[in-house]
Amino acid sequence: MSRNRLESHTGATLDFTFNGKAYQGIVGDTLASALLANGVDVVGRSFKYARPRGIFGHGAEEPNAIIQLGAGAATIPNLKATQVELYQGLEASSVNGWPSVDFDVMGIIGAFGRLMPPGFYYKTFMYPKKLWMTYEHFIRKAAGLGATPVEADPDSYDKLNQHCDVLVVGAGPAGLVAAREAARTGARVIIADEQSEFGGSLLASKQTIDGRIATDWIASLVAELAAYKNVQLLPRSTVFGYYDHNFLTILERRTDHLALSAPSGTRQRIHRVRAAQVVLATGAFERPLVFAHNDIPGVMLASSVSTYVNRYGVAPGNKLVVFTTNDNAYQTALDWHQTGRQVVAVVDSRTNPSGEIVDAVKALGIEVLVGHGLIEARGKKRVKAALVAPINESGTQVVGAVRYLDSDLIACSGGWSPAIHLSSHTGAKPVWDPNIVGFRPGASKQQERSAGACRGTFDLAGCLAEGASAGAEAAKLSGRGDGGLQFPGFSVEEYSEQPQQALFLVPHTQSTSRAPSQFVDFQLDVSASGIELAVREGFESVEHVKRYTALGFGTDQGKLGNINGMAILANALDQSIAETGTTIFRPSYTPTTFGAIAGRDVNHLFDPERYTAMHRWHQQQGAEFEDVGQWKRPWYFPQSGESLQKAVNREGLAVRNSVGILDASTLGKIDIQGPDAAEFITRMYTNSYLKLAPGKCRYGVMLKEDGMIFDDGVCACLADNHYLMFTTTGGAAGVLAWLELWQQTEWPELQVYFTSVTDHWTTATVTGPNARKVIAKVCNDIELSNEAFGFMDWRDGTVAGVKARIFRISFTGELSYEVNVPAHYGRHIWEALIAAGEEFNITPYGTETMHVLRAEKGFIIVGQDTDGSMTPADMNMDWVVGKNKAFSFIGKRSLQRSDTVRENRKQLVGLKTLKGSDVLPEGAQVVFDAKQKIPMSMQGHVTSSYYSASLGHSIALAVVKGGHSRLGQVVYCPLADGRSIAAEIVSSVFYDPKGERQHV
Amino acid sequence: MLLIHCPHCREHREEEEFSYGGEAHIVRPLEPEALSDEEWGDYLFFRTNSRGIHHEMWYHAVGCRRYFNATRNTVTYEILETYKTGTQPTITGASA
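Residues numbered from 1 in each chain as written. Chains lettered and ligands numbered in written order. Predicted model: local features only at pLDDT ≥ 70, side-chain atom pairs only at ≥ 80, totals over all residues. Heavy atoms only, no water.

Counting 50 residues, the largest nonpolar core has Phe 16, Phe 18, Leu 31, Ile 55, Leu 69 and Leu 90 of chain A as its most contacted members. Broken down by element, this core gets its largest block of residues, six residues, from helix 1 (residues 31-37) of chain A. If we ignore the near neighbours within four places in the chain, the residues touching Leu 31 of chain A are Phe 16, Ile 67, Ala 81, Val 84, Leu 86, Leu 90 and Ala 92 of chain A. Residues Trp 738 and Leu 741 of chain A together with Trp 40 and Tyr 67 of chain B belong to the second largest nonpolar core, which totals 35 residues. (Core = buried A, V, L, I, M, F, W, Y, C linked by side-chain atoms within 4.5 Å. Buried < 20%, exposed > 50% of the residue type's maximum accessible area, 1.4 Å probe, protein only. Helix = DSSP H or I, 4+ residues; strand = E, 2+ residues; numbered from the N terminus. Contact = heavy atoms within 4.5 Å.)

Printed below as a string of structure tokens:
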């Protein structure tokens, strides 16, 4: 039997280790309760001063017992020991306290605590700036924030989308009865609670409800709920975010109580719940009191002491002093007394406490010191004594002699703070209520209501009554039931409570700045004097003080310290807490694993991949792939050991000298039909399609209404009132939405219909001087001569036995045929064309060669050579703008704006490096004078740059201010390595400037 | 995440099915060339940026592929109504 385990509490034993030492706990323990049972006092070190710290709470509020679970790929950092369920073989270690919690380097810094005021890091480690990373590395290592695993997570995670009528958050007394009232109406109910068992505060309570012990009453209520088919019970499930339109997220821990890594199935899953109505029954956190050295191990929350005694059978000490401002904490004295261990005294700050429970404690012969404060704890790694003294009625001054109480455990209670986090997520502004000495949830912004302690109702009868009403009301508003109650009343035995005192900072015989540290936020060592110092330094806003002092920055996110901090701030500013206000809580309520957030969307499921019909052929040929949007496109086809550049040189020369083949299936394709199709298309493109006859194609540029190039491509007239529009690969969805926008919202009178057919067609582009000969071998029902089937024509025909459309359009400047067949025939056609081209050494090429070939021709790629600020004139493409179109096409008016006609706009030009082997980096800046001082006057930038094997030198496209009138000038591209490459401004068309080769 | 009622599908669907289309009820001038640069600039670039009631276009991109309008409170994100293109909102800044 562990030394602090009560004999009445038994169960199967579980072995575990903490910081390398072996211990035993029992089934039902948390790691925290098991450590306390074993008498482990120091569980970590504080962030800044490295002070020894012990377990302080029993749930999500725990600031000190932050641990690392396990090792290796599945290790989990920064868990609260109070929320880790014990399992056989559990291994845990402190995150703070390198190299050990009992002695560490930062402990030395602790002795110099006064030299590290708030803002210490900002003030001290500011200069020199470049050393900050070094400082930060050291500080983090010494302070410790847990270690993230460096291997891939071995576990799997899931996401689940759910709808419900009523979501009940929290399964304490209020939540449970709310769920029952909602369930009986037939409403679909989800009730979630972060703990392993339902019951909330009642799990550690000895109260009776309707004549039954609380735990029995819970068990039968939970069984009743489980019997409903319309109720889903989610224990070990934290509702961690409340978002717009009643969308809430729940993290369900399915296997964390069994092992570090899931023995089977998914470890955790996130329920994404759209709830018609929400009942928040999230309870309250007890507030510590801020007294000197209140951080020594052995100081705990009163309710936590009671919880360890009543629920876990652990008495974490021997000689208890209770320090309270309210009646509630007297219960801890009663609970402790029952263990047979000593209650040294109850110290009550109030002058005249008169509640029933006060009398009950006195009746046991326990000393009650009224009008007293516990002003300081003494001890190093464990409380040894409590210093108490009479204080004045308002709790601001010590007014009598200090007395030492021999003690090893201090249970403190400054009242209760409603857990208003989720209502705060919705934007509801918390309201300070002096009656409960806490913030209540603000007026609802969404379909939610709070019930019980999270609403500031702390008595059990009140919680039950509110919970029942909230459940019935929520069900009714979701369309179920009439709002009436099945169980309107409960008979509960409890002491009636007298008002508490609003006390936060406990006075000391010395002033706050001189007294031993009085901690407000334990994890980050924020003390009362630190907050007062921040005010003296001029900080007034609670949000600023929070950031300056780091109040509420720890993993507990201020669940313990925030209210005390704000109260101390308010006092220092000489204003009320209501005036000071509170900081805003945001998701997540407690830390959520990235694994659960990612769910199944990892590795190959991270993003969908789109493949063309020839994808496997490309793979078999050893193609390297490039991502273009979600498409996987062949980048280049290396032959044994070829580099990218060598492969591209070979592929490019093959196209220029014989024939190449490209998988162009990914180009966006939109089928456009309707009597007004031509008119509509003409309004969208810069040029006209009104006279485009069936069998003809035309290249067009699409502008946004601001006159800037948005997409480009070829549009073919398939038949009267029937067109096929090609878009860029990446622009397909955007162009379709753009067409729909104008037709639906501006010109609904135009009869025209759009269908995406990108995936329906496969495109194989056969290009090069021998292209015609290749096509002739597989197609005998189309007259292929240049006279019968010219450039920018298209024909219906049969290719290798498959009905096909062939387009004579060219992105290489060579004779080209783009063969389109229904996608399922893609691979057949591809292989037929490869076979037909064998005698010409037909060469498959990828996107890199495609880019080089088009750049040699000065053909732009929208999104690479343009960036949303380029007009057709900027791109030297005035020829594509129809000047005489009747309708003012999209973007036309903007081409006359003063800014678009200005002279020194960036304009597309070619750049030829003076040394042909120099290839400019894409994105390089262009300057006119390489010797000028930094910052240089930047005149443009390189948009595309390659080595051209056909030309035997590098080529580049660039946009340069006033570039069109600068042909022949030499410009410079300064590089990061200090070199500067000189280049001549030339025409953007490097190859076949007359464009004869595509017309043969 | 918003829950949006598509007036064409007549269902509430998740926000991820939709894309935002900007302020609604902005009519393209019939004769753009007749406008001054300033007037054209107003049409192109200037929006009301309302605090509170705002009428805006949404596109049911992976649903029916229809544009429609929504009246949304830009402070609370509450969507007060959705209505088809070409019709007028019943809730306006004046009525709310």
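Over the atoms, a rolling probe the size of a water molecule traces out where space has been left empty. Residues and elements named next belong to chain A. On inspection of all chains with the given rule, the structure shows five cavities of 30 Å³ or more. Taken as a whole, the largest cavity spans an internal volume of roughly 120 Å³. For the largest cavity, the lining is made up of 14 residues, of which Ser 417, Pro 418, His 421, Ile 563 and Phe 585 are closest to its centre. Here the lining of the largest cavity gets three residues from one element, more than from any other, and that element is helix 14 (residues 562-572). Considering only residue class, the lining of the largest cavity consists of eight nonpolar, five polar and one charged. (1 Å grid on protein atoms, 1.4 Å probe; cavity = no way out; pocket = protein on both sides within 12 Å on 5 of 7 lines; lining within 4 Å. Points joined across faces, edges and corners; volume = space filled by probe spheres on them. Nonpolar A, V, L, I, M, F, W, Y, C, P; charged D, E, K, R; others polar.)

Contacts between the two partners involve 31 residues from chain A, matched on the other side by 27 residues from chain B. Buried surface at the junction of chain A and chain B, both sides included, amounts to about 2,400 Å², of which 49% is carbon and sulfur. It is His 245, Gln 744 and Arg 893 of chain A in chain A that bury the most area against chain B; as a group they hold 29% of the surface buried on that side. Run the count over chain A and chain B and you get five salt bridges. (Buried area = accessible area lost by both parts, 1.4 Å probe. Salt bridge = Lys/Arg side-chain N within 4 Å of Asp/Glu carboxyl O.)

Turning our eyes to something else, we now look at helix 1 (residues 37-45) of chain B. Residues separated by three or four positions in an α-helix point in the same direction, a consequence of the helix having 3.6 residues per turn. Looking only at helix 1 of chain B, the buried set comprises Trp 40, Gly 41, Tyr 43 and Leu 44 of chain B. Buried residues of helix 1 of chain B, viewed axially, fall in a sector of 160°; they line one side. Those residues of helix 1 of chain B that are buried lie in contact with helix 20 (732-745) of chain A. (Arc of directions from axis to C-beta.)

Moving on, we get to the environment of Trp 738 of chain A. Residues and elements named next belong to chain A. For Trp 738, the location among the structural elements is in helix 20. Taking the C-alpha atoms as reference points, Trp 738 and Glu 996, separated by 258 residues in sequence, lie 35 Å from one another. Filtering out sequence-adjacent residues up to four positions away, Trp 738 remains in contact with Met 684, Met 702, Leu 703, Lys 704, Glu 705, Phe 710 and Ile 890.

Before going further, it helps to spend a moment on the environment of Leu 79 of chain A. Residue and element names in this part refer to chain A. Structurally, Leu 79 is set in strand 6 (residues 76-80). Leu 79 sits in the partly exposed class, given a relative accessible area of 24%. Along the backbone, Leu 79 and Gly 479 are 400 residues apart, and their C-alpha atoms lie at a distance of 41 Å. Those residues within four positions of Leu 79 in sequence are excluded, and the remaining contacts are Ala 65, Ile 66, Ile 67, Leu 69 and Val 84.

The next point concerns the confidence of the model for chain B. Looking at chain B as a whole, its pLDDT mean stands at 95, while 97% of the residues score no less than 70. Model confidence for the complex is summarised by a pTM of 0.91, with the ipTM given as 0.97. (pLDDT = per-residue confidence, 0-100.)

Time to look at the sheet that holds strand 2 (residues 21-26) of chain A. Residues and elements named next belong to chain A. On the basis of which strands lie adjacent, the open sheet formed by five strands has the order 2-1-7-5-6 and mixed pairing. If you trace the sheet from one side to the other, it starts and ends with strand 2 and strand 6, each paired once. Across the sheet, the axes of successive neighbouring strands diverge by a mean angle of 40°, strand direction being ignored. Relative to strand 2, strand 1 (residues 13-18) runs antiparallel, the two being bridged by six bridges. (Pairing = 2+ DSSP bridges. Axes fitted to C-alpha atoms, helices over the stretch in contact; angles between N-to-C directions.)

Assignment of secondary structure puts Gln 162 of chain A in strand 8 (residues 157-169). In this structure Gln 162 of chain A comes out as buried when scored by relative accessible area, which is 16%.

Residues and elements named next belong to chain A. Across the seven residues that make up strand 21 (residues 372-378), a large majority, six, are buried. Looking at chain direction, strand 21 and strand 22 (residues 385-390) are connected through six bridges and run antiparallel. Bridge pairing in strand 22 places Gly 373 opposite Ala 389.

Attention now moves to the pairing of strand 48 (residues 970-974) of chain A. Residue alternation in strand 48 of chain A divides its side chains into a buried set, Val 971 and Cys 973 of chain A, and an unburied set, Val 970, Tyr 972 and Pro 974 of chain A. Between strand 48 of chain A and strand 49 (residues 980-986) of chain A, which pair antiparallel in sequence order, lie five residues; one of them, Gly 978 of chain A, sits at a positive phi of approximately 95°.

Take the sheet that holds strand 22 of chain A next. Residues and elements named next belong to chain A. Judged by pairing direction, the sheet is antiparallel, and its three strands sit side by side in the order 21-22-23 without closing on themselves. In this open sheet, the two strands that pair with only one neighbour each are strand 21 and strand 23 (403-406). When the angles between neighbouring strand axes are averaged without regard to direction, this sheet yields 30°. Of the strand pairs in this sheet, strand 22 and strand 23 are connected by four bridges, and their pairing is antiparallel. Pairing of Ala 385 across the sheet is with Asp 406, part of strand 23.

Relative to the elements of secondary structure, Asp 256 of chain A occurs in the loop between strand 14 (247-253) and strand 15 (268-280). Beyond its immediate stretch of four places on either side in the chain, Asp 256 of chain A contacts Tyr 87, Arg 267 and Gln 268 of chain A.

So, about the UniProt feature "domain: FAD/NAD(P)-binding" (unreviewed entry) in chain A. When the UniProt feature table is mapped onto this chain, "domain: FAD/NAD(P)-binding" (unreviewed entry) is found at residues 165-422 of chain A. The distance separating the terminal C-alpha atoms of residues 165-422 of chain A is 18 Å; by composition the span is 21% helix and 35% strand. (UniProt positions renumbered as here; feature names shortened; annotations may be inferred.)

The next point concerns the pattern of salt bridges. Residue and element names in this part refer to chain A. As enumerated under the stated definition, the model contains 50 salt bridges over all chains in all. Lys 632 is the salt-bridge partner of Asp 627, the closest N and O atoms lying 2.5 Å from each other. Exposure remark for Lys 632: the relative accessible area of 19% places this residue in the buried category. Of the charged contacts, one joins Glu 831 and Arg 827 as a salt bridge, the two residues approaching to 2.9 Å between their closest N and O atoms. A residue pair is termed a helical-turn pair when its members lie 3 or 4 positions apart in one helix, as Glu 831 and Arg 827 do in helix 22 (residues 826-836) at four residues. Beyond isolated ion pairs, a larger network of salt bridges with shared partners links Arg 51, Arg 53, Asp 295 and Asp 525.

Before going further, it helps to spend a moment on the UniProt feature "domain: Aminomethyltransferase C-terminal" (unreviewed entry) in chain A. Under the present numbering, the feature "domain: Aminomethyltransferase C-terminal" (unreviewed entry) in UniProt falls on residues 906-992 of chain A. Between the end C-alpha atoms of residues 906-992 of chain A the distance is 25 Å, and the span holds 0% helix and 46% strand.

Residues and elements named next belong to chain A. The residue Val 648 is located in helix 18 (residues 644-657) in this model. Given a relative accessible area of 6%, Val 648 falls into the buried group. A C-alpha to C-alpha distance of 8.3 Å links Val 648 and Val 852, two positions 204 residues apart in sequence. Other than its neighbours up to four places away in sequence, Val 648 contacts Glu 848, Thr 849 and Val 852.

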